[in-house]
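As a plain string of letters, each chain reads:
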Amino acid sequence: PPLNILYKAAFQLYEKGEWKRSVEFFQRVETRYSFSEWSPRATLMIMYIYYEIGERIKTLEYAKKFKKLYPKNKNLDYVEFIIGLTFYEEINVISRDQTNSEAALNQFKKIIKLYPNSIYADEAKLKIDLINEQLAGKQMYIARYYMNNSKWIAAIKRLDIIINEYKTTIYTKEALHRLVEIYYRLGNIKESRKYAALLGYNFN
């Protein structure tokens, strides 16, 4: 069928929720009309369909393909954003490995740097804040574990990370509070007072 009919049919299948057939039709557009303006649109749609149905590996595969084939395309910010969301939606609970958090964080920072005026930049900033909360939570989880096992120096290291790297998160107040507690317990009254003053100044 002619290009416009093929693309329309692919889109209609997508709207009906017939994901598999829709992807097949879009793939035909990609291969048969690779030099037309419809080919990048088809690749974009395939990437989005895979994202929507939670096919993470396929989503990233088509995002990579799009970037390679169309490095000057106006939709690159959108592709980068979908990559970020793909990692973001795989973020585990606080006690688990945070590899996806780091990957999503780097991706959203990349969007802000490369496409500061993009409609996705604000959303990327919001996601960065949420990821930082997650990563700070991970440090607090480990710090609490060390404190419960009387490993004070190891706990201090984790609490320092929260104060230095994640100071805008909800965990800062608890981190300061626990540092006051640990240094007092260790007999380092000077450090304990320092953190107590910070706690008082920032959180009344």
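Reading the values: rules and limits
- Residues numbered from 1 in each chain as written.
- Predicted model: local features only at pLDDT ≥ 70, side-chain atom pairs only at ≥ 80, totals over all residues.
- Heavy atoms only, no water.
- pLDDT = per-residue confidence, 0-100.
- Helix = DSSP H or I, 4+ residues; strand = E, 2+ residues; numbered from the N terminus.
- Salt bridge = Lys/Arg side-chain N within 4 Å of Asp/Glu carboxyl O.
- Buried < 20%, exposed > 50% of the residue type's maximum accessible area, 1.4 Å probe, protein only.
- Contact = heavy atoms within 4.5 Å.
- Axes fitted to C-alpha atoms, helices over the stretch in contact; angles between N-to-C directions.
- Parallel < 35°, antiparallel > 145°, perpendicular 65-115°, else oblique.
- Left-handed = near helix turned anticlockwise from the far one by under 90°.
- Core = buried A, V, L, I, M, F, W, Y, C linked by side-chain atoms within 4.5 Å.

### Observations concerning the confidence of the model for the protein
Link 1 in the chain: Confidence in the prediction of the protein, expressed as mean pLDDT, is 93, and 98% of residues score 70 or more.
Link 2 in the chain: Helix H8 (residues 152-165) holds the highest mean pLDDT among the elements of the protein, 97, whereas helix H1 (residues 3-15) holds the lowest, 91.

### A look at the pattern of salt bridges
Link 1 in the chain: For the coordinates displayed, the defined rule picks out 12 salt bridges.
Link 2 in the chain: Across the pair Glu30 and Lys65 runs a salt bridge whose closest N-O atoms are separated by 3.1 Å. In this pair, Glu30 is assigned in helix H2 (residues 19-32) and Lys65 in helix H4 (residues 56-69), connecting sequence segments 35 residues apart.
Link 3 in the chain: With relative accessibility at 8%, the residue Glu30 sits in the buried group.
Link 4 in the chain: The exposure class assigned to Lys65 is partly exposed, which follows from its relative accessible area of 31%.
Link 5 in the chain: Glu174 serves as the salt-bridge partner of Arg144, at 2.9 Å between the closest nitrogen and oxygen.

### Focus on the environment of Leu176
Link 1 in the chain: Tracing the backbone shows Leu176 in helix H9 (residues 172-185).
Link 2 in the chain: Looking at Leu176, the relative accessible area reads 3%, which means it is buried.
Link 3 in the chain: In this structure, the C-alpha to C-alpha distance between Leu176 and Ser192, residues 16 residues apart in sequence, is 9.5 Å.
Link 4 in the chain: Once you skip the residues sitting within four places of it in the chain, Leu176 turns out to touch Ile163, Tyr195, Leu198, Leu199 and Phe203.

### A short note on the packing of helix H7 (residues 121-148) against H9
Link 1 in the chain: Remark: H7 packs on H9, axes separated minimally by 12 Å, with the N-to-C direction vectors making an angle of 20°. With respect to each other, H7 and H9 are oriented roughly parallel. The hand of the H7/H9 crossing is left-handed. Counting all contacts with H7, which are made through Met140, Arg144 and Met147, the residues of H9 involved are Glu174, Ala175, Arg178, Glu181 and Ile182.

### Regarding the nonpolar core
Link 1 in the chain: With 61 residues, the main nonpolar core has Phe26, Met47, Phe108 and Leu159 as its most contacted residues.
Link 2 in the chain: Considering each element in turn, this core owes the most residues, 10 residues, to H7.
Link 3 in the chain: The residues contacting Leu159, other than those within four sequence positions of it, are Met140, Ala143, Ala175, Arg178, Leu179 and Ile182.

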